[in-house]
Amino acid sequence: MCWPCSINITIRSNKNAKHVNKKIKKYVTASPYLDMEIPILDDISLPKSGRLFVNFLKELNFKNKKVLDVGTGYYGYLAQHAKKFGANYVLAVDINTRAIKKARTLNKSGNIHFSVSDVYSKILKRGKFNIVLSNPPQLPSRNNNRIHDFGGYYGLDVIKKIIDGFKFVSTKNGVLCLLVFDYLLTSIKILCKENALSCDIIGHYNKNVRKGGETEKKIKFIEKIYTKYKFKKNNGSYAHKVYILKIKKYENNNKSSCCNLK
Ligand SMILES: C[S@@+](CC[C@H](N)C(=O)[O-])C[C@H]1O[C@@H](n2cnc3c(N)ncnc32)[C@H](O)[C@@H]1O
């Protein structure tokens, strides 16, 4: 069965519902791995890339691992999957206080710890993590008024913090699993190399750019600052690749495996 194409959408249209909560548009089944329905709110975006990310996450071994989800969002989405896949301790952080409050209320079982933190700033006393997950904001933008999507002028602000600080928050064999857009790959390879980290691509998928969405608005700007990069055209709409990276400290000083993909 193809997922998420097969996603099961339940629209709860009750005549009186509009008066009860105008903001809720519909509920969707959040994931084939979780018993979770999430309300889609006008002002909160559905974790689209996060939903594709989990298909690759299930390949990692979470059994009894201590996991950190950076930028967990309103649904604590990746954190909930880490728990489901066997992690014994999960900490989910986000810079957005509203997102953390909402994620806490959705996670009724209380088996995930939530904290407001600018990447690792508030978690350094929580010990080291075996796995760090992140689907960070990474759209280049002249302003930073959408922390959900925008990652500073080059799109790299949050990613740089995650990669630079990884060695301080991870165990010896710790793994950083990061979702990144293709136009950032070369810069990310360099960041990994500077931090003595290996970087392997463990998966990728093609993403069509949504008409009228934030990425479409930034296409010209992205092609201007990443001069060697061009968005692909796919059946009349723009598309780009999304990579899932597995980043680790170099083993035995072997520095040869840093993101070999051209
Ligand atoms: C693309 S969303 C990912 C949401 C969710 N993890 C998912 O996969 O669907 C990026 C998230 O990172 C959060 N964020 C942005 N800047 C951050 C920072 N400096 N530290 C922690 N979280 C941050 C945003 O608030 C947002 O929730």
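Preceding this section is the structure that the text describes.
Treat the numbers as computed from the prediction; the structure is a model and nothing was measured. (Residues numbered from 1 in each chain as written. Predicted model: local features only at pLDDT ≥ 70, side-chain atom pairs only at ≥ 80, totals over all residues.)

## Some details on the pairing of strand E11 (residues 237-249)
Here strand E8 (residues 170-181) pairs with E11 via seven bridges, running antiparallel. Bridging from a neighbouring strand, Val175 pairs with Lys248 of E11. Sheet analysis places strand E9 (residues 197-208) next to E11, joined by 11 bridges and oriented antiparallel. Considered in E11, the bridge of His204 is made with Tyr243. Pairing between strand E10 (residues 232-234) and E11: three bridges, direction antiparallel. If you follow Asn234 over to E11, its bridge partner there is Ser237. Where E10 folds back onto E11 in an antiparallel hairpin, the turn is made up of two residues, including Asn235, whose phi is positive at roughly 50°. (Pairing = 2+ DSSP bridges. Helix = DSSP H or I, 4+ residues; strand = E, 2+ residues; numbered from the N terminus.)

## Some thoughts on the packing of helix H2 (residues 48-57) against helix H3 (residues 77-84)
For the pair H2 and H3, the least separation of the axes is 10 Å and the interaxial angle reads 25°. Judged by the inter-axis angle, H2 sits roughly parallel to H3. Taken as a pair, H2 and H3 cross one another with a handedness that is right-handed. Along the contact surface, H2 presents Gly50, Phe53, Val54 and Leu57, while H3 presents Tyr77, Leu78 and His81. Class assignment for the residues of the contact of H2 with H3 results in five nonpolar, two polar and no charged. (Axes fitted to C-alpha atoms, helices over the stretch in contact; angles between N-to-C directions. Parallel < 35°, antiparallel > 145°, perpendicular 65-115°, else oblique. Left-handed = near helix turned anticlockwise from the far one by under 90°. Contact = placed C-beta atoms within 7 Å. Nonpolar A, V, L, I, M, F, W, Y, C, P; charged D, E, K, R; others polar.)

## Quick notes on unusual backbone geometry
At Val119, a position not held by glycine, the phi torsion is positive, near 50°. Locating Val119 in the fold gives a position in the loop between strand E6 (113-116) and strand E7 (129-134). Phi is positive for Ala196, which is not a glycine, with a value near 55°. Among the secondary structure elements, Ala196 is positioned in the loop between helix H6 (185-194) and E9.

## What to know about the pairing of E8
Of all 12 residues making up E8, nine are buried, and the element is well covered by its neighbours. What joins E7 to E8 is helix H5 (residues 157-169), and the crossover it makes is right-handed. (Buried ≥ 20, exposed ≤ 12 C-beta atoms within 10 Å, placed from the backbone. Right-handed = clockwise from strand over helix to strand, strands pointing away.)

That's the geometry; what it means functionally is another story.
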